[in-house]
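Take a look at the letters that make up each chain.
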Amino acid sequence: MCAAATFKNQSLYVHIPFCQGICAYCDFTRVRYHAGLADQYLTQLAGELEQRVPRQAMETVYIGGGTPTALSLGQLRRLLDMLKPYTEGALEVTIEANPEAIKPELIDILLTGGVNRISLGLQSCDDQILKQIGRRHTFDQARQAIRLLQQAGLTNISCDLIYSLPGQTREQWTATLQGVLSLNIPHCSLYSLTIEEHSEFGRTGQQPLDEDTEASMYFEAVQVLKQAGYQHYEISNFAFAGYASRHNLHYWRYDDFYGVGLGASGKLGAFRYDNTRNFQDYFQGRWIAEKIELTREDQMFEMVMMNLRTAAGLSLIEFERIFQTPVTSVYSEAIQNGLRQGWLHLDEEHLAATDSGMALLNTVLEEFLD
């Protein structure tokens, strides 16, 4: 079993489960905002942080949800004050936000609280689609929100986009991509629709588009964004040079990370844990619902799996440092087959997926499980 100290841990994820409205596709741990419940939640979150996370500056802090900006301004200030031991000196502090929440007074609180990166829930540039999926903003509101952020100096902005939505046309998707380019923001994340059982789409029997259409939408996005100067640095993520998400890179490099809050997950050495999704349990201090011990084989495969999602690929030196054995010895047959198929590229420092390997990554990874 690998010792926990062999993995780096410089990241903290904080989950805020509140939303002003519930989107049709969403199955994350979330609940409609209630001021009293949010106050209780922040009190319990402070207790969890104190007991489970050392009070030290992190390299990255990510505040996700839910929608953290669903909190009142006072509650948001309280949250950011609570996180100061971890955010002071951090290289990247990200908060998720919805366009309709972006106002000058909110931006002031974010800047004072150490936030230097915004992940904006754009999802589409088509107002008809935004209404269909239950979003509470228009594309024009998103454009105005981004202008306010940029004017305040908060220019490290990412947006999320969803494709393969029920009834979505190729023309609508092309228009959304062009709309994103007009925003002049340095990062974009793409997500194909997954119909979750407990989402509104799941309950009403909605279906995503067929696999061929979904794939063509993805490849169109890759082409359009790369031509516009974005680096395709991870399967679903695109950034201008210097703007890749430092926090998410810790996940993809298989570093350790703390996760706090309802439904959050974390990894510490040979253990992965999932927090409870039950408010009553959480408020009584029963934070962790499940703790999973990872075998050495689990860790090796997961490190390969996460790193092959990135354009940089897996560091051969880092794998051998952690596991005291070369990845080419552990997975010799899978790597050789991947090279023969043109799915993998191997040099003196990295094992990486090629463009075709990236497109067929699930198939490629099956080889590593055999």
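Enquirer: Please provide a residue-by-residue account of the side chain of glutamate 96, values included.
Expert: Residue placement: glutamate 96 occurs in strand β5 (residues 92–97). Polar contacts involving the side chain of glutamate 96 include one to the main-chain amide nitrogen of glycine 65, which spans 3.1 Å. Filtering out sequence-adjacent residues up to four positions away, glutamate 96 remains in contact with Tyr62, Ile63, Gly64, Gly65, Gly66, Pro68, Thr69 and Ser119.

Enquirer: Go over the environment of tyrosine 13 with me, naming the residues and quoting the values.
Expert: Its place among the elements puts tyrosine 13 in strand β1 (residues 9–16). Considered as a pair, tyrosine 13 and valine 61 are 48 residues apart in the sequence and their alpha carbons are 5.9 Å apart. When residues no more than four places from it in sequence are discounted, the contact partners of tyrosine 13 are Tyr62, Gly64, Gly65, His247, Tyr251, Tyr258, Gly259, Val260 and Ala264. There is a polar contact of 2.8 Å between the side chain of tyrosine 13 and the side chain of histidine 15.

Enquirer: Lay out the sheet that holds strand β16 (residues 344–346) with the relevant residues and their values.
Expert: Spatially, three strands are ordered β15-β17-β16 in an open sheet, and the strand pairing comes out antiparallel. Edge positions in the open sheet fall to β15 (314–315) and β16, since each of these has one partner strand only. Sheet topology note: the β16/strand β17 (residues 350–353) ladder contains three bridges and is antiparallel. Along β17, the bridge assignment pairs histidine 345 with alanine 352.

Enquirer: How would you explain the side chain of threonine 276 if you had to name every residue and give the values?
Expert: Structurally, threonine 276 can be placed in the loop between β13 (271–275) and α11 (279–283). Within the local environment of threonine 276, its side chain forms a polar contact with the backbone nitrogen of asparagine 278, the two atoms lying 3.0 Å apart. When near neighbours in sequence (up to four residues on either side) are disregarded, threonine 276 contacts Leu262, Gly263, Asp281, Tyr282, Arg286, Trp287, Ile288 and Ala289.

Enquirer: Describe the packing of helix α12 (residues 296–307) against helix α13 (residues 316–323), naming the residues involved and giving the relevant values.
Expert: It is at 12 Å that the axes of α12 and α13 come closest, and there the two elements cross at 165 degrees. It follows from the interaxial angle that α12 and α13 lie roughly antiparallel. As for how α12 packs across α13, the hand of that crossing is right-handed. Across from Arg296, Gln299, Met300, Met303 and Val304 in α12, the residues of α13 making contact are Glu318, Phe319, Ile322 and Phe323. In the contact of α12 with α13, the residues fall into six nonpolar, one polar and two charged.

Enquirer: So what about the pairing of β1? Which residues, and what values?
Expert: Counting buried positions over the eight residues of β1 gives six, a clear majority of the element. With four bridges connecting them, β1 and strand β11 (residues 256–260) associate as parallel partners. Across the sheet, valine 14 pairs through a bridge with valine 260, a residue of β11. Strand direction decides the pairing type here: β1 and strand β4 (residues 60–65), joined by six bridges, are parallel. From the neighbouring strand, valine 14 faces β4, where its bridge partner is isoleucine 63.

Enquirer: Would you mind going over the packing of aromatic side chains in detail, with residue names and values included?
Expert: By convention here, two paired aromatic rings are described through the distance between centres and the angle between planes. On inspection of all chains with the given rule, the structure shows 14 aromatic pairs. Ring centres of tyrosine 163 and tryptophan 173 lie 5.4 Å apart, and the angle between their planes is 35 degrees; on these two criteria the pair is classed as tilted. Taken as a pair, tyrosine 163 in strand β7 (residues 157–163) and tryptophan 173 in helix α7 (residues 170–181) lie far apart in primary sequence, 10 residues in all. An identical accessibility class is assigned to tyrosine 163 and tryptophan 173; each is buried. Each ring, one from tyrosine 233 and one from tryptophan 252, has its centre 6.0 Å from the other, and the planes form 65 degrees; the classification is edge-to-face. Of the two residues, tyrosine 233 is situated in strand β9 (residues 231–234) and tryptophan 252 in helix α10 (residues 246–252); the sequence distance between them amounts to 19 residues.

Enquirer: A description of the pattern of salt bridges should follow, citing residues and the corresponding values.
Expert: In this structure the tally under the stated criterion is 10 salt bridges. As a salt-bridge pair, arginine 78 and aspartate 39 come within 3.7 Å of each other at their nearest N and O atoms. Residue arginine 78 is located in helix α2 (residues 73–82), and its partner aspartate 39 is located in helix α1 (residues 35–52); the two are separated by 39 residues in the primary sequence. With relative accessibility at 32%, the residue arginine 78 sits in the partly exposed group. Where arginine 286 meets aspartate 281, a salt bridge forms, and the shortest distance between an N and an O atom there is 2.6 Å.

Cut-offs used in this document
- Residues numbered from 1 in each chain as written.
- Predicted model: local features only at pLDDT ≥ 70, side-chain atom pairs only at ≥ 80, totals over all residues.
- Heavy atoms only, no water.
- Helix = DSSP H or I, 4+ residues; strand = E, 2+ residues; numbered from the N terminus.
- Polar contact = N/O pair within 3.5 Å; in protein donor to acceptor, adjacent residues only side chain to side chain.
- Contact = heavy atoms within 4.5 Å.
- Pairing = 2+ DSSP bridges.
- Axes fitted to C-alpha atoms, helices over the stretch in contact; angles between N-to-C directions.
- Parallel < 35°, antiparallel > 145°, perpendicular 65-115°, else oblique.
- Left-handed = near helix turned anticlockwise from the far one by under 90°.
- Nonpolar A, V, L, I, M, F, W, Y, C, P; charged D, E, K, R; others polar.
- Buried < 20%, exposed > 50% of the residue type's maximum accessible area, 1.4 Å probe, protein only.
- Phe/Tyr/Trp six-rings, centres within 6.5 Å; stacked < 30°, edge-to-face > 60°.
- Salt bridge = Lys/Arg side-chain N within 4 Å of Asp/Glu carboxyl O.

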